[in-house]
Amino acid sequence: MKSAGLLDYMDEVVLSEAAGASKPSPDIFRYAFSLSQSRPSEVIFIGDSWDADIIGAQNARIPSIWYNPQGLPKPSESYRYPIYEIKHLLEIPPLLRSLLPIR
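Since this is a predicted model, take the numbers as computed values, not measurements.

Asks: What is the right way to look at the overall build of the chain in this model?
Replies: Scanning the chain for helices and strands turns up four helices and three strands. Secondary structure elements in the chain, listed N-terminal to C-terminal, are α-α-β-α-β-β-α. Projected onto its principal axes, the C-alpha coordinates of the chain cover approximately 30 × 30 × 25 Å. Looking at the 103 residues of the chain, the share that counts as buried comes to 33%. Accessible area for the chain stands at about 6600 Å²; split by element, carbon and sulfur atoms hold 53% of it.

Asks: In this structure, what is going on with the side chain of Ser-36? I would like to understand it.
Replies: By the secondary structure assignment, Ser-36 is in helix α2 (residues 26–36). In contact with Ser-36, not counting residues within four places along its chain, are Asp-11 and Glu-12.

Asks: Hey, could you run me through a nonpolar patch on the surface in this one?
Replies: Among the surface-exposed residues, Met-1, Leu-7, Val-13 and Leu-15 lie close enough to one another that they form a single nonpolar patch of about 400 Å² accessible area. Summarising the element assignment, Met-1 is placed in the segment before α1 (16–19).

Asks: What exactly am I supposed to notice about the pattern of salt bridges here?
Replies: When the charged atoms of two side chains with opposite charge come close together, those side chains can pair. By the definition in use, this model includes three salt bridges. Asp-27 is the salt-bridge partner of Arg-30, the closest N and O atoms lying 2.5 Å from each other. With a gap of three residues between them, Arg-30 and Asp-27 both fall in helix α2, about one helical turn apart. Exposure remark for Asp-27: the relative accessible area of 40% places this residue in the partly exposed category.

Asks: Would you take a moment to explain α2 for this structure?
Replies: Spacing of three or four residues puts side chains on the same side of an α-helix, whose turn is 3.6 residues. For α2, the set of buried residues is Ile-28, Phe-29, Phe-33 and Ser-36. Mapping the buried residues of α2 onto a view down its axis gives an arc of 145 degrees, with all of them on the same face. Tucked into the core, α2 has its buried residues touching α1, β1 (45–47) and α3 (50–59). A distance of 3.1 Å separates the backbone nitrogen of Asp-27 from a side-chain oxygen at the start of α2, and that oxygen is part of Ser-25. Looking one or two residues past α2, Gln-37 carries a phi angle of roughly 55 degrees, positive in sign.

Rules and cut-offs
Residues numbered from 1 in each chain as written. Predicted model: local features only at pLDDT ≥ 70, side-chain atom pairs only at ≥ 80, totals over all residues. Heavy atoms only, no water. Helix = DSSP H or I, 4+ residues; strand = E, 2+ residues; numbered from the N terminus. Buried < 20%, exposed > 50% of the residue type's maximum accessible area, 1.4 Å probe, protein only. Areas by Shrake-Rupley, 256 points an atom, 1.4 Å probe, with all protein chains shown as cover. Contact = heavy atoms within 4.5 Å. Patch = residues over 30% accessible without salt bridge, like charges linked within 9 Å, V, L, I, M, F, W, Y side chains within 5 Å. Salt bridge = Lys/Arg side-chain N within 4 Å of Asp/Glu carboxyl O. Arc of directions from axis to C-beta. Polar contact = N/O pair within 3.5 Å; in protein donor to acceptor, adjacent residues only side chain to side chain.

Here it is as structure tokens:
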């Protein structure tokens, strides 16, 4: 995360063991919200697994960034919260700067 320039955008790194829940359950996201004292409107989730990460973010009602280096097709379902797609990790910092203020 440091080499990708992402630390300025993070309050917490949450593991499923600590949260007592796994993605795509919204409980792991609620746990992260409580640790960081943030709300869904203040966060964006980055993940590489469509089924766990992106669907989990949708379940938690937060926007997400799908890290998709293989260029897999995005499922055609309709989603309520934005899903941004990137193929390279270096795309994350500029996208975050355009979406979230650095604290």
